[in-house]
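As a plain string of letters, each chain reads:
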Amino acid sequence: MKSAQSEPGAHTSRLPGVRRAGVFATVSAVICSTSMFAIPAASAAVPTFPDNIVVFPNRDFVTIEGYQNHIGETGTVEVSRAGKVIGSAQGVVAAGDVAFEINHPGGYCWGAGTGLNITPDILPGDVVSIKFGATDGGQTTVQDAYVTGDSTLSGSTLTVKGHIGAGVNPAQLEQRIIEPALRDTTVARRDIRAIPGPLTPAPKGGYSSGLEVTGDTFTATYNFDDAATAEIAANAGLGERAMAWEFEDADANRQGLTIAEYGEPGGPGMGGCPNGPLQSGPPAPSGITAAKVSGGLKLNWTPAEAIPGTPAITGYRAVAVGKTVTANEQLEIGKRISGQAATGTTITGLSASEEYDVYVVGVSSVGESYPAAHAIPVTDTTAPTVSATPNGGTSPVAQRVTLTANETGSDIYYTTDGTDPVLSGGVLGATAVRYTGPMDIATNTTLRFAAFDPSGNVSAISEALFKVTNDPVPATPAFTGAPVVGQGTATLTWTAPDPGAAGLTITGYTLQAYTADGAAFGAPKTAAGTATSLVYDGLAGDTAYQFTIKASNANGSSPESAKTAAVTSQGAVVAVAGPDQNIVRRTTATTVTLDGTGSTTGATYKWEQVLASPTDPNKVTLTGATTLKPTFSLPVFQSPMTNDPLTFRLTVTVGTTVRTDEVKVVPVTDRVTIGVAQWKTGDLRIDGTSSVVGSTVTVRVGGPTGRVLGQAAVTAAVAPATGGVYTLRLRNAAAGTTNPGTVWVESTLGGTAGPKAVANK
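Conventions we followed
- Every chain is numbered on its own, with residues counted from 1 as its sequence reads.
- In keeping with the predicted nature of the model, local features appear solely for residues at pLDDT of at least 70, side-chain atom pairs appear and are counted solely at 80 or more, and the whole-chain, interface and lining totals rest on all residues.
- By convention in this description, side-chain values take in all heavy atoms of the structure and omit both hydrogens and water.
- Think of it this way: any DSSP run of H or I at least four residues long counts as a helix, any run of E at least two long counts as a strand, and we number them from the N terminus.
- Burial status follows relative accessibility: with a 1.4 Å probe on protein chains alone, a residue under 20% of its type maximum counts as buried, one over 50% as exposed, and anything between as partly exposed.
- For two strands to pair, DSSP has to find at least two bridges joining them.
- The axes used here are C-alpha line fits, helices contributing only the stretch in contact, and every angle between their N-to-C directions lies in the interval 0 to 180 degrees.
- Salt-bridge detection follows one rule: a side-chain nitrogen of Lys or Arg within 4 Å of a carboxyl oxygen of Asp or Glu.
- We call two residues in contact when some of their heavy atoms are within 4.5 Å.
- To qualify as a nonpolar core, a set must consist of buried Ala, Val, Leu, Ile, Met, Phe, Trp, Tyr and Cys residues joined through side-chain atoms within 4.5 Å.
- Within 3.5 Å is the distance limit for a polar contact, defined as a pair of N or O atoms, with the added protein rule that one can donate a hydrogen and the other accept it, and that residues adjacent in sequence qualify only through two side-chain atoms.
- The criterion for an aromatic pair is that two Phe, Tyr or Trp rings (for Trp, the six-membered ring) have centres within 6.5 Å, with stacked assigned to planes under 30 degrees apart, edge-to-face to planes over 60 apart and tilted to the rest.
- Remark: a charge is flagged as sitting over a ring if the NZ atom of Lys or the CZ atom of Arg is within 6 Å of the ring centre and within 35 degrees of the ring normal.

Asks: Explain unusual backbone geometry to me, and be specific about the residues and the numbers.
Replies: When glycine is set aside, most residues are seen to have a negative phi, and most peptide bonds are trans. In this structure, the amide linkage connecting Thr389 to the following residue, Pro390, adopts the cis form with an omega of -5°. In this structure, Pro390 sits in the loop between strand E26 (386–389) and strand E27 (393–395). Following Ser639, the chain continues to Pro640 via a peptide bond in cis, the omega torsion being 15°. With respect to the secondary-structure elements, Pro640 resides in the loop between strand E46 (631–634) and strand E47 (646–654). Positioned with a positive phi, Ala82 is a non-glycine residue whose angle comes to about 55°. Position of Ala82 among the secondary structure elements: in the loop between strand E3 (74–81) and strand E4 (84–92). Within the chain, Asn328 stands out as a residue other than glycine whose phi angle is a positive 65°. A relative accessible area of 78% places Asn328 in the exposed class.

Right, here's the structure in full:
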């Protein structure tokens, strides 16, 4: 059977709220049904089990599962639409199957830690991703599948219809209805479900179900054994759900899962969380300056951008509030400015003897920014400075030139005929042009420029000389992938760039190695114009290098590329411990072979296990530890062993030269769950599932390494379920005289589960 460890919300250290039970029901068996269709290849960005990102779009709610290698770290979750972030939040990864949740009681609000204080309206096609610092942790694309109306009942037949988009794999779709009252019927469980295919009896009986996809519509049909049960399902209080997922692994774990809940409202999931996009005011502009000018204040700012999904910014409101208070009143004078792209205004009619505070807000159809952005007016007597990028020079092609003033709101003027843009007394020259954005200089040009700041101060006049030969050179080539090192070599690959213009061809490439201090290493290497790779030889062994490349045509060379990441070339003595390995645990010990054949031949070799402590429970015995290919046995799992990676170090010695390398062997376990755990006097029962048949499950009390209550064999599950099941049944004295409280389980294949509270029956 499929592992319950991939069930969103199935285990959590946070207390569930009233609605949480509905979430548990929704996902309590997400991975307990089988697919009759072929499973397509996974997208590389979808998380790999046990990690997962589960999205509940109707409630704008996200569950982050797994990520136990990041416990205590802060993960940043972003919701993106058309490449723009429309919602984000940060959460700290907790121990357990659920790392953290967003927009759900007990979890984090949208905007937590990121400042994007808006609850996104999550829609099909949106991308929900997680990262830890700069490291991507995977993403889920919200699937376009949802129920479109209430179920319809006819006799003992219940029908649910819904929408399925073109991008959804019909084989990876399930419809479900949650109703706890069904437990007391012939259904004998709190939900019913339908997967693609003809009507099929449910494993526990009570109904048959099937799901049919026609075009962009799916129809789930349930035939119940009796009309009374059908009516209970039709009146389910928790509603109809549609589940769709991007990828299903070999253990049938559903990755990149979307759970659409018909009739559930969106918006803030708990008190104190921010409004949704249609109820949120716009952001305020940034970088506000307020300069005192004759008769008023000149304001400048960087325009605000509406958060995707929110109403458009239609303009701004700027006010100057006098600091003098008379009869509990302060004078306020302001302006309304139309257009999101506005960058400033001048507020006039102000008293020269009064001091003012300035406030600016963005305006949209739902209101204004809160709080307003604040600026304090200043008297400015300092002249601005202005610069050009690039600041002149000779080029074979036209140059795109950007002029920049150091003071926000400055007006820049320039000329291209060698005359001054600003004359004595601050008067503009006859040919001066106001700068509005980057410009192309395609001929030999003398560019002169100056700037006025908001207070009227004028900069010195600057000059840049441009010489354009109009002989196009190639674009800069780009490396493809990291350099591959060898003994004193590095193999570099690249893609051919644009040769510069029609009729021109690449005549060659020039590649240069740099040492860690940034100095060029030796003479550059060259390659033919048709080449796309080069073995860069002559490198010093055991030395770090970076590489650049430029292309040439008949007119000259392209700009030099950015440097590659640093790589270390191999020396005369090399230790290569081989690639990391994932080894599946089995019901008997598994022989594992390490491979150091990539190391220097004819040397002395020594393999050793890197242990966490002298009493490391994962210690193994290496056979042939002085050969290139030693072996060891990965034992059958037994507490207190763990499933942490086993690390082995290879030391290669030639004379006085010693080199080392390490390799990790990662045990791959089965997936086990605890389903039923209940006790009454003289009777203790523990049921669960495993993804693999043939293992033995040990049940413990008092902790993961506590006292053993008993063991049970994993046998094949009854069709149509897959995987295995186990049952530990203790009776009479063996059941104990008191409830054992909490239990844990471990499998001889390494899977573990727990803690699970034992219920009184």
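Asks: Let's hear about the sheet that holds E3: which residues, and what values?
Replies: If you trace the 4 strands from one edge of the open sheet to the other, you get E4-E3-E6-E7, paired in antiparallel fashion. A strand with exactly one partner marks an edge of an open sheet, and here the two such strands are E4 and strand E7 (135–141). Along the sheet, successive strands turn relative to each other by an average axial angle of 20°, direction set aside.

Asks: Can you lay out the pattern of salt bridges for me, pointing to particular residues and giving the numbers?
Replies: The final tally for this structure, using the stated rule, is 26 salt bridges. Two residues, Arg336 and Glu368, come together in a salt bridge whose shortest N-O distance is 3.5 Å. With Arg336 in strand E21 (residues 332–338) and Glu368 in strand E24 (residues 367–368), this residue pair connects regions lying 32 residues apart in the sequence. Exposure remark for Arg336: the relative accessible area of 58% places this residue in the exposed category. Given a relative accessible area of 29%, Glu368 falls into the partly exposed group. A salt bridge links Arg659 to Asp542; the nearest nitrogen and oxygen atoms lie 2.5 Å apart. Of this pair, Arg659 sits in strand E48 (residues 657–668) while Asp542 sits in the loop between strand E39 (533–536) and strand E40 (544–553), and the two are 117 residues apart along the sequence. In this structure Arg659 comes out as partly exposed when scored by relative accessible area, which is 27%. Residue classification places Asp542 among the partly exposed residues on the basis of a relative accessible area of 37%. Three or more residues are tied together by salt bridges with common partners; here these are Glu174, Arg176, Arg189, Asp191, Arg193 and Arg254.

Asks: Summarise the sheet that holds strand E18 (residues 286–293); cite the residues concerned and give the values.
Replies: One open sheet accounts for 3 strands, arranged E18-E19-E22; its pairing is antiparallel. Among the strands making up the open sheet, the edge pair consists of E18 and strand E22 (344–348). Here the average twist between neighbouring strands, direction ignored, is 15°. Inspection of the sheet shows E18 paired to strand E19 (residues 296–302) by 6 bridges, in the antiparallel sense. The residue bridging Ser286 from the neighbouring strand is Thr302, located in E19.

Asks: Outline the side chain of Ser639, supporting the account with residue identities and numerical values.
Replies: Checked against the element boundaries, Ser639 lands in the loop between E46 and E47. In contact with Ser639, not counting residues within four places along its chain, are Arg700, Pro704, Thr705 and Glu746.

Asks: Talk me through the nonpolar core; I want residue IDs and the actual numbers.
Replies: Counting residues in each nonpolar core, the largest one holds 24 residues, and the members touching the most others are Ile192, Tyr222 and Phe224. Of all the secondary structure elements, the ones that give two or more residues to this core are strand E8 (145–147), strand E10 (157–164), strand E11 (173–178), strand E12 (191–194), strand E14 (207–214), strand E15 (217–224), helix H2 (227–234) and strand E16 (240–248). Take this core: its biggest share by element is 4 residues, from E15. Once residues lying within four places of it in the same chain are set aside, the contact partners of Ile192 are Leu158, Gln175, Arg176, Ile177, Leu182, Val187, Tyr207, Tyr222, Phe224 and Ala233. Counting residues in each nonpolar core, the second largest holds 20 residues, with Ile674, Val714, Ala735 and Val743 among its members.

Asks: Residue-level account of the side chain of Arg700, with values.
Replies: Topologically, Arg700 is positioned in strand E51 (residues 696–701). The class for Arg700 is buried, based on a relative accessible area of 10%. A distance of 2.8 Å separates a polar side-chain atom of Arg700 from the backbone oxygen of Gly706. For Arg700, the contacting residues outside a window of four places in its chain are Ser639, Thr705, Gly706, Arg707, Val708, Leu709, Thr742, Val743, Trp744 and Glu746.

Asks: Kindly report on the packing of aromatic side chains, identifying the contributing residues and their values.
Replies: Following the criterion strictly, the structure yields 13 aromatic pairs and no others. Aromatic pair Tyr207 and Phe224: ring centres 5.8 Å apart, planes at 35°, arrangement tilted. Of this pair, Tyr207 sits in strand E14 while Phe224 sits in strand E15, and the two are 17 residues apart along the sequence. Here the two residues Tyr207 and Phe224 agree in accessibility, since each one is buried. Judged by centre distance (6.0 Å) and plane angle (85°), the ring pair of Tyr413 and Phe452 falls under edge-to-face. Of this pair, Tyr413 sits in strand E29 (residues 411–415) while Phe452 sits in strand E32 (residues 445–452), and the two are 39 residues apart along the sequence. One aromatic cluster in this structure is built from Phe521, Tyr536, Tyr545 and Phe547. A cation over an aromatic ring shows up here: Arg254 above the ring of Trp245, its NZ or CZ 3.8 Å from the ring centre. A cation over an aromatic ring shows up here: Lys563 above the ring of Tyr514, its NZ or CZ 4.4 Å from the ring centre.

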